[in-house]
Amino acid sequence: MEMTRFEEILDFAIGRELAAVDFYTELLAIASFAAQKSVLTDFRAMEEGHATMLTNMKSRHTVFLSDTPAVDLGLARRLAAEEKPAAGMDFQDILVAAIGKEDRAGSLYAELASSSSDAEIKSAFGSLAAEETRHKRYFEELYETEVARDN
Amino acid sequence: MDIKDYIAPFAVWKRAFEKPFTVKKPIDERPGAPGYRGFHMNDADKCVGCGTCEAICMNKAIDLVPVDGRDAKEGDSGLRPRMDYGRCCWCALCVDICPSGSLSMSNEYVWVDSDPEAFRYTPGVEAKPWDGSELGYRRAEGYRLLDGERVKMPELDHGEAVRSFLELVKGYSREQAMKEADRCVSCGVCIASCPAHMDIPAYIKAVRDGDMEGGLRILYETNPFPEACGRVCTHLCESACSIGTGGDPVAIRWLKRYIADQVELSDYAKALPRKEAPTGKKVAVIGAGPGGLSAAYYLALLGHDVTVYEKDGEAGGMLRYGIPDYRLPYPALDKDIGYIEGLGVQIERGKAVGADLSLASLRSSHDAVYLSTGLPTAYALEVPGDKHPRVLDGVAVLAAATRGEKLGLGKRVAVIGGGNVAMDAARTALRHGSEVDILYRRREEDMPADAEEIREAKAEGARLVEKAIPIEVKDSGGDGALFVWNEARMVLKEEGKRPVPEAIPGAVHEDRYDSIISAIGQGPDLSFVTETDGIPMKRFKPVIAADGRTDAGDVFAGGDLTNERKDAISAIADGHRAALGIDRMLSGKEL
């Protein structure tokens, strides 16, 4: 893979993670109570961690991510897609937003992988897509255990 | 004395040069009879370490001992019987009484060893040549020294029950309670499984002894809600009951109810401990549910001045607003609450922290605060159309029923969810004349509701639709709404995890209902806790130490808000634990 192309891919992915950091930062700005702020701060820290991980990969010129996607619990497809950040958002609202975000990121990487003819680029995007499925899976599990306990 | 008396002892010398009879005999091949009572065998996996064998052994030949690699867990003490063949008389009573049927005897009776200590061993744990022997003594099929059959609880029949809000369960008579109490072997395996660690064998013994006031005293040592828990407790104790390993578990919950029902509220003070002298310390409890009031009771008993702040018009929390009165009649709940108030606990009804007063102001006017606000917020279905006016929240429906409001559910009702709120909402709707479908995303065996609630909901006429994934709610063009759902199949996607419902392509249904009651889960309302309160949170829960204390120092939390079980008895246990923690903090006796 050409170095410039590789760096572009990583810059693109890092940009998406930083956009997610901004998303949680915006939510934090309108959060009104401690429980919201705590969850949003945790989720933002996770996204910052992802950005750091990708930045490290960029400096080492290699994507070291498993390309095995996590099991899809299928929640993202059926949860109401709209994210409505509001001061009174509860844990369910925040998790739905997080699941939707990870799902969209994963879909985007998967599309980029499938539309690429360069095998290495395809592989890099494929690995990033798989990584997003793991992030989504984390939030889906939280949703299943903490929110939809009775369903 | 005769001369023979002097000579006779020397006659034994003639035996001195013979081969000893007692050594020769065992090495002869002479097997025991097929049903002979020889050395013990124990199926250590089947055994629950209840110690009934130890209790019945008249020679004290059995000790329950810890064994390597076998830890205590629910329904299993982790101990196993060790036999002492210096004491055993081979009567086999231990085999006959064993509730799980794990003990048996081989027909082997020869065991030569020069070390006397070897004859104390733990069958099923220490390997022996006779392990797995087909021969030997077994308890005869169908023969039990213990009564495996529970005394049936008189109940309304389901046809009659569904036409009224009368209490379904009628309660034991004295004779029935005594007979049921007689089934308990006092093994105590149940105690560990009870979140409040109630002394179950002791209060069952009180039933046997006819000592109701003594029984009530034992109940209140760990649980100030015996009337409520005697009716609606999740009775984890019964799942752990050793008698249940070979028959019906003892009806522990009903026996608790029996005790509480027998003592009039006016006689409680006579039976129960008095308050300690006033300490001059003030404690605020937020939430008058079972957890908050449990904390209040034990704090008051320790001499603290306790005020409980309750947002609703009545105390009781989910016991009142989440459980219909056919399961827990309000007078029974009022009796429990009445005694707590009688002890001097002030309950400020209709006072919502956040709206009417702040947490900061409570902290400044009290020495400690206990947060026990539960999970009052119903989570949404979170499908398109879930804000349709005919989509109702299950907790709100139950609360409206408690307040005696007209529900207006209509003829056809769908209840979405498989927990206790869903079952209670379904049964309430049935009692209001509706036809009810319960739609659940997984299978019946996955439902988190109590098995008996599911059974009773079905018996009362609710139709259970399993593997139904909610997709959308649409307007029906009339009074009701269309519920769109997808049939699912259960797919095991990962080993070691539970199967996941996966939509079957094309298997989409659209049913019209007058009301759709959503009961998929509830969350906390922590909007009254601000960052400046300094209470760390994790995943919408206050972070607490083992005694319920938060990093804020003077603020403790517990109940459904923090624990995983989310049932009344766990909240009660949390409240008790926090009360002791608060008392230690206030009295300067911290661990």
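Note that the structure is a prediction, hence the values are computed from the model and not measured. (Residues numbered from 1 in each chain as written. Chains lettered and ligands numbered in written order. Predicted model: local features only at pLDDT ≥ 70, side-chain atom pairs only at ≥ 80, totals over all residues.)

Student: Explain the overall build of chain A to me, using residue names and the numbers behind them.
Tutor: Helices and strands together make up the secondary structure of chain A, namely 5 helices and 0 strands. The linear arrangement of helices and strands in chain A, starting from the amino end, is α-α-α-α-α. Taking all 151 residues of chain A together, 41% fall into the buried category. (Helix = DSSP H or I, 4+ residues; strand = E, 2+ residues; numbered from the N terminus. Buried ≥ 20, exposed ≤ 12 C-beta atoms within 10 Å, placed from the backbone.)

Student: An account of the overall build of chain B is needed here, citing residue identities and associated values.
Tutor: What chain B contains, in helices and strands, is 21 helices and 22 strands. Along the first, second and third principal axes, the C-alpha atoms of chain B reach 115 × 65 × 45 Å. In chain B, buried positions account for 47% of the 591 residues.

Student: Mind laying out the sheet that holds strand β22 (residues 555-557) of chain B, listing which residues take part and the relevant values?
Tutor: All names here are of chain B. Read from one edge of the open sheet, 5 strands run β8-β7-β6-β9-β22, paired in parallel fashion. Both outer strands of the open sheet, β8 (346-349) and β22, are each paired with one neighbouring strand and no more. Mean inter-strand twist for the sheet, computed between neighbouring axes without regard to direction, equals 20°. As paired strands, strand β6 (residues 282-286) and strand β9 (residues 368-371) are joined by 4 bridges and run parallel to one another. Among the inter-strand pairings, V283 is bridged to a residue of β9, identified as A368. The sheet contacts of helix α21 (residues 568-587) involve β6, β9 and β22, and relative to β9 the element is tilted by about 165°. (Pairing = 2+ DSSP bridges. Axes fitted to C-alpha atoms, helices over the stretch in contact; angles between N-to-C directions. Contact = placed C-beta atoms within 7 Å.)

Student: Describe the interface of chain A and chain B, and please don't skip the residues or the numbers.
Tutor: On the side of chain B, 36 residues touch chain A, which itself brings 24 residues to the contact. Contributions of two or more residues to the side of chain A that touches chain B are made by α2 (34-60), α4 (91-115) and α5 (119-147) of chain A. Here the element with the most residues in the side of chain A that touches chain B is α2 of chain A; it accounts for 5 residues.

Student: Explain the domain arrangement of chain B to me, using residue names and the numbers behind them.
Tutor: Partitioning chain B into structural domains gives domain 1 (17-121), domain 2 (158-271), domain 3 (282-375 + 524-587) and domain 4 (378-522). Taking the mean C-alpha position of each, domain 1 of chain B and domain 4 of chain B sit 54 Å from one another. (Domains from an automatic or database assignment.)

Student: Explain the pairing of strand β12 (residues 412-416) of chain B to me, and be specific about the residues and the numbers.
Tutor: Within a regular strand, the side chains alternate between the two sheet faces. Residue and element names in this part refer to chain B. The buried count for β12 comes to 4 of 5 residues, which makes it a mostly enclosed element. Here 5 bridges tie β12 to strand β13 (residues 435-439), and the two strands are oriented parallel to one another. For V413, the partnering residue across the bridge sits in β13 and is V436. Read as a crossover between parallel neighbours, the route from β12 over helix α19 (residues 420-431) to β13 is right-handed. Sheet topology note: the β12/strand β18 (residues 515-518) ladder contains 4 bridges and is parallel. When the sheet's bridge partners are listed, A414 is paired in β18 with I516. (Right-handed = clockwise from strand over helix to strand, strands pointing away.)

Student: Can you explain the sheet that holds strand β11 (residues 391-393) of chain B? Please cite residues and give values.
Tutor: Residues and elements named next belong to chain B. Pairing within the open sheet is parallel, and its 5 strands lie in the order β11-β18-β12-β13-β14. Looking at which strands have only one partner, the edges of the open sheet turn out to be β11 and β14 (463-465). Taking the axes of each pair of neighbouring strands and ignoring which way they run, one obtains an average angle of 25° across the sheet. As judged from the 3 bridges shared by β11 and β18, these two strands associate in the parallel manner. When the bridges of β18 are listed, V391 appears paired with I516. Along the sheet face, helix α18 (residues 394-402) touches β11 and β18 and points at about 70° away from the line of β11.

Student: Which residues make up the confidence of the model for chain A, and what values do they have?
Tutor: Per-residue confidence for chain A gives a mean pLDDT of 83, with 87% of residues at or over 70. Mean pLDDT per element in chain A: helix α3 (residues 75-78) of chain A is the minimum at 68, and α2 of chain A is the maximum at 89. (pLDDT = per-residue confidence, 0-100.)

Student: For the packing of helix α14 (residues 290-301) of chain B against α21 of chain B, give the residues involved together with the corresponding values.
Tutor: Residue and element names in this part refer to chain B. As a packed pair, α14 and α21 sit with axes 7 Å apart at the nearest point and diverge in direction by 35°. By crossing handedness, the relation of α14 to α21 is classed as right-handed. Facing α14, whose interface residues are P290, G291, G292, S294, A295, Y298 and L299, α21 presents A568, A571, I572, D574, G575, H576, A578, A579, L580, I582 and D583. Taken together, the residues that form the contact of α14 with α21 break down as 11 nonpolar, 5 polar and 2 charged. (Left-handed = near helix turned anticlockwise from the far one by under 90°. Nonpolar A, V, L, I, M, F, W, Y, C, P; charged D, E, K, R; others polar.)

Student: Give me the packing of helix α8 (residues 200-209) of chain B against helix α9 (residues 212-222) of chain B: which residues, what numbers.
Tutor: Residue and element names in this part refer to chain B. One can describe the packing of α8 onto α9 by two numbers: an axis separation of 8 Å at closest approach and a directional angle of 165°. Taken together, the axes of α8 and α9 lie roughly antiparallel to each other. Pair α8 / α9 crosses with left-handed handedness. Within the contact between the two elements, α8 uses A202, Y203, A206 and V207 and α9 uses G214, G215, I218 and L219. Split by residue class, the contact of α8 with α9 holds 6 nonpolar, 2 polar and no charged. (Parallel < 35°, antiparallel > 145°, perpendicular 65-115°, else oblique.)

Student: Summarise the environment of Q522 of chain B; cite the residues concerned and give the values.
Tutor: Residue and element names in this part refer to chain B. Mapped onto the secondary structure, Q522 falls in strand β19 (residues 522-523). Expressed as a C-alpha distance, the spacing of Q522 and G394, which sit 128 residues apart in the sequence, is 9.6 Å. In this structure, Q522 is in contact with L375, P376, T377, A378, Y379 and V395, ignoring residues within four places of it in sequence.

Student: Could you give an account of the environment of L219 of chain B, with specific residues and numbers?
Tutor: All names here are of chain B. Note that L219 resides in helix α9. Separated by 40 residues in the primary sequence, L219 and I259 place their C-alpha atoms 8.8 Å from one another. The contacts of L219, once residues within four sequence positions are left out, are M198, Y203, P226, K256, I259 and A260.

Student: Please provide a residue-by-residue account of unusual backbone geometry, values included.
Tutor: Residue and element names in this part refer to chain B. The backbone phi angle of K60 is positive, close to 55°, even though this residue is not glycine. Summarising the element assignment, K60 is placed in the loop between α3 (52-56) and β2 (62-66). Within the chain, H197 stands out as a residue other than glycine whose phi angle is a positive 50°. Structurally, H197 is set in the loop between α7 (189-193) and α8. Since 16 C-beta atoms lie within 10 Å of it, H197 is described here as partly exposed.

Student: So what about helix α12 (residues 252-262) of chain B? Which residues, and what values?
Tutor: All names here are of chain B. Most of α12 is tucked away: 9 of the 11 residues are buried. Looking only at α12, the buried set comprises I252, R253, W254, L255, K256, R257, Y258, I259 and A260. Its buried side turned inward, α12 meets α6 (174-181), α7, α8, α9, α10 (226-232) and α11 (236-240).

Student: Summarise the pairing of β6 of chain B; cite the residues concerned and give the values.
Tutor: Counting buried positions over the 5 residues of β6 of chain B gives 4, a clear majority of the element. Read as a crossover between parallel neighbours, the route from β6 of chain B over α14 of chain B to strand β7 (residues 305-310) of chain B is right-handed.

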